[in-house]
Amino acid sequence: MSVGSETDASERITDDLSAAGVGLAYHDGDTRTDALIDVNVTLPSTGFIGVMGPSGSGKSSLLYVLSGLKRPTTGDVRYRGENLARASSSRLTALRRAHFGFVFQQPWLLGWQTAWENVLDGAPDVDERACERAARVMKDLGIAAFARKMPSQLSGGEKQRVCVARAMLNRPKVIFADEPTASLDHHNGHLVVDMLARYRQEGLVIVVTHDAEMLQDADRILVMRDGRALGWSTPSQTAGVALGG
Amino acid sequence: MGMVERTEGHVERSAQGAVARNSHPLSPLTYCRRNIRRLLPMAVVIVLSVFLVASVVTIVDSVDLTVTTVYNYTRVLTVVIPQRSSLAIDPDDRNRIAGIPGVDRIIDGSGFFMSLNTVFGATPFLVMAVTDSSRNYILQRANDHLSAGRMPVPGAAEAVLSDGIVRNKRLRIGDVVAGPDDQGGLAGCPLPVRLVGIVTGPTWIAFTTPEFANAAMPLFPRHLIVTAKDQDALPAISSRMLAVVNRSKVQVLSYRTLVEQIRTTLDSMYLIMSLVNAMVILVVALMSGMLSNIYFTQRLTEFALLSAIGIRRSTLLWHAVSETAVVTSIGWLAGMIVTWILMALMKESVFERRGMLINPHDVMALAYTVPIPFIITAFAMATIFIRLAKLDPVTIIERR
């Protein structure tokens, strides 16, 4: 992958994702809300990272900024040395397509496509290779039986698992999951997080949640509050902490 | 078969099917096929608009069709009639016409007028009274031939008519084609004239015999029927005739003077029709574009999701526009089929019953409707382009 021209070679942090002095402000009329304030974080190229914090702490905003879905108001976000804050929209789109996978809070699927087709939406090119990969991912995630079903025939948990398969299809370097268990029951929530956790060998998985129990298996947990990154924690340190997301 | 095997079978079949069909999951055809109910209102609007535009054009074109059909004989011959109270062409004018290069024959004719049913109402049509040899000569020039009955007996109150006139007047052999009771006729016939034969061919034509015309209508003006050696040269010869004859004494009824003059008088009507059609097309395009925009709004989350997972906006625009193009194309095609069927039924039940001419498969009507799918697709493309340019996937997906 090419590196943005504005990046000095000495600044490159190969295969890493980092945020430096990142701020994100939302404007609603005259009202300004700072979702992120001077966030500095460096993430590894593989592993399972949790982001925890109460509602409004900026954890989802951090996810969007790191994934190029939102541009920071201040600071830089670097992926493989490329500054996403200054990249063009088309470049960010291409980056999301080639390197990132997404699982959102709601299990968004295209209602007129089968589960199989929804998974294939994650492929840049629908060719034989993508189909083979989709078949394997669906089989690995235990959702092969849903292949020909329409989303309306699936439960919330089943839909979210299809979303995970779509996110994994392209073997992304980073999977961003924003509260992927929020709309699921306990059992399905664990199923989805376990699926994501298994991907840590292939790439980096970042899961945003306010439920500490879902991050029991995480390598590290970034704790957020009032738009600031308070620091790193471990599952044992955050176990039983209720953050009221 | 075990559950696991069945499950794997599902996926393998899906994979094989997708590869074999080379179908993209975002294929516009797949979208349209699976969202027929959602897309039906837009398709119906297009069908109705295509029908509206095409039927208006077809009906208005029936005026031109009538003119060209009724006066098509002037492509074969030019009729020269005396003006005012004269009963015959001045010999000097006859000589001047005879001197025009390219003139083939000058035939002395008489006759009477019968009335045809047209979109203009009752229209007079010349029943030519010429000798047998002249009649056969004209029929041959017109590519017409006797297809039923017989030719009129000299002196008898009989006529032979083209099959188009027979249909127009809803006649059968033996029926009265003209007579003293005719309404709206011009120099009609004082005696009832019966149909004895039917002529078939591209040119509407009608004949009686000079013996009958001279006996029954001695005061009907004697006219000249002029033909050209080269039929294509007839318009030029007719123009030359207008230049050489004394136009205060003679009137030249050529294709140009009859058909083109009528067309000129109808220019305003055609202009109005074009304006009405343009307005209809514009309104329909705007309505359909708005419908398309509403559909797009309903699918905003879908597009936001696809944008979030890295599908380029240009690709999304292409998909949305392709889907619109598929719907508009199908709507247009269905609209043309509906128009052709309904116009054919109207021809049968409304127009032909009144002896009026209409072409249900009017190519001009087809041409007028072609812009409809293009304008709708262009309008949809413009609005979707603007919506996509402003699309913020996070705001829509996470409702933030």
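Just above, that's the structure.
Residues numbered from 1 in each chain as written. Chains lettered and ligands numbered in written order. Predicted model: local features only at pLDDT ≥ 70, side-chain atom pairs only at ≥ 80, totals over all residues. Heavy atoms only, no water.

Peer 1: Even after reading the chapter, I still don't get the overall build of chain B, so can you show me in this structure?
Peer 2: For chain B, the count of helices and strands is 15 helices and 10 strands. Its C-alpha radius of gyration of 32 Å places chain B more than 25% over the 21 Å reference for a compact globule of 400 residues. The buried share among the 400 residues of chain B stands at 50%. Counted over contacts in chain B with a minimum sequence separation of 6, partners at least 24 positions apart contribute 81%. Surface exposure of chain B reaches about 18,900 Å², of which carbon and sulfur atoms provide 61%. Averaging the coordinates of the 37 positive side-chain charges in chain B and doing the same for the 29 negative ones gives two points 6 Å apart. (Helix = DSSP H or I, 4+ residues; strand = E, 2+ residues; numbered from the N terminus. Rg over C-alpha atoms; globule rule 2.2 N^0.38 Å. Buried < 20%, exposed > 50% of the residue type's maximum accessible area, 1.4 Å probe, protein only. Contact = heavy atoms within 4.5 Å. Areas by Shrake-Rupley, 256 points an atom, 1.4 Å probe, with all protein chains shown as cover. Lys, Arg positive; Asp, Glu negative; His and termini not counted. Charge placed at Lys NZ, Arg CZ, Asp CG, Glu CD.)

Peer 1: Any chance you could explain the packing of aromatic side chains here in plain terms?
Peer 2: Summed over all chains, the structure comprises 8 aromatic pairs over all chains. Taking 5.0 Å as the distance between ring centres and 85° as the angle between the ring planes, the aromatic pair formed by A:Phe100 and A:Phe176 counts as edge-to-face. Of the two residues, A:Phe100 is situated in strand β6 (residues 100-103) and A:Phe176 in strand β7 (residues 174-178); the sequence distance between them amounts to 76 residues. When its relative accessible area of 4% is taken as the criterion, A:Phe100 is described as buried. Taken together, the ring pairs connect A:Tyr79, A:Phe100, A:Phe102, A:Phe104 and A:Phe176 into an aromatic cluster. Directly above the aromatic system of B:Tyr137 lies the positively charged group of B:Arg105, at a separation of 3.8 Å from the ring centroid. In this arrangement the basic side chain of B:Arg299 is found over the ring face of B:Tyr31, its NZ or CZ atom lying 3.7 Å from the centre. (Phe/Tyr/Trp six-rings, centres within 6.5 Å; stacked < 30°, edge-to-face > 60°. Lys NZ or Arg CZ within 6 Å of the ring centre and 35° of its normal.)

Peer 1: Please explain the packing of helix α3 (residues 36-70) of chain B against helix α10 (residues 267-298) of chain B as it appears in this structure.
Peer 2: Residues and elements named next belong to chain B. Axis separation between α3 and α10 bottoms out at 10 Å; the angle between their running directions is 175°. Between α3 and α10, the crossing angle belongs to the class labelled roughly antiparallel. Of the residues contributing to the contact of α3 with α10, the split by class is 20 nonpolar, 5 polar and 3 charged. (Axes fitted to C-alpha atoms, helices over the stretch in contact; angles between N-to-C directions. Parallel < 35°, antiparallel > 145°, perpendicular 65-115°, else oblique. Nonpolar A, V, L, I, M, F, W, Y, C, P; charged D, E, K, R; others polar.)

Peer 1: Explain the environment of B:Val60 here, please?
Peer 2: Residues and elements named next belong to chain B. Looking at where Val60 falls in the secondary structure, it is placed in helix α3. Between the C-alpha atoms of Val60 and Asp92, which are 32 residues apart in sequence, the distance is 43 Å. Residues within four places of Val60 in sequence aside, it is in contact with Met269, Tyr270 and Met273.

Peer 1: Honestly, the sheet that holds strand β4 (residues 74-79) of chain A in this entry has me stumped. Any pointers?
Peer 2: Neighbouring strands of a sheet are bound in pairs by backbone hydrogen bonds; such pairs are parallel or else antiparallel. Residue and element names in this part refer to chain A. Spatially, 4 strands are ordered β2-β1-β4-β5 in an open sheet, and the strand pairing comes out antiparallel. For this open sheet the edge positions go to β2 (31-43) and β5 (82-83), each flanked by a neighbour on one side alone. Here strand β1 (residues 17-28) pairs with β4 via 5 bridges, running antiparallel. Opposite Ala20, over in β4, you have Asp76 as the bridge partner. (Pairing = 2+ DSSP bridges.)

Peer 1: Would you mind showing me how to read the interface of chain B and chain A here?
Peer 2: How big an interface is tends to be reported as the loss of accessible area on association of its parts. Each side of the interface is counted separately: chain B has 38 residues, and chain A has 33 residues. When chain B packs against chain A, close to 3,300 Å² is buried across both sides, 65% of that on carbon and sulfur atoms. Counting every contact that joins chain B to chain A gives 2 salt bridges. Between B:Arg34 and A:Glu117 there is a salt bridge, with its nearest N and O atoms 2.5 Å apart. Counting residues per element, the ones that place at least two in the side of chain B that touches chain A are α1 (3-21), α2 (28-34), α11 (300-308) and α15 (393-397) of chain B. With 9 residues, the top contributor of residues to the side of chain B that touches chain A is α1(B). Here the side of chain B that touches chain A is composed, by residue class, of 15 nonpolar, 13 polar and 10 charged. (Buried area = accessible area lost by both parts, 1.4 Å probe. Salt bridge = Lys/Arg side-chain N within 4 Å of Asp/Glu carboxyl O.)

Peer 1: When you look at the sheet that holds strand β9 (residues 220-225) of chain A in this model, what are you seeing that I'm missing?
Peer 2: All names here are of chain A. Taken in spatial order, the 6 strands make up an open sheet running β6-β7-β8-β3-β9-β10, and their pairing is mixed. The open sheet has two edge strands with one neighbour each: β6 and β10 (228-233). Each strand of the sheet is rotated relative to its neighbour by a mean of 20°, with strand direction disregarded. Packing of helix α1 (residues 59-67) onto the sheet brings it into contact with β3 (47-52), β6, β7, β8 (204-209) and β9, and relative to β7 it is tilted by some 150°.

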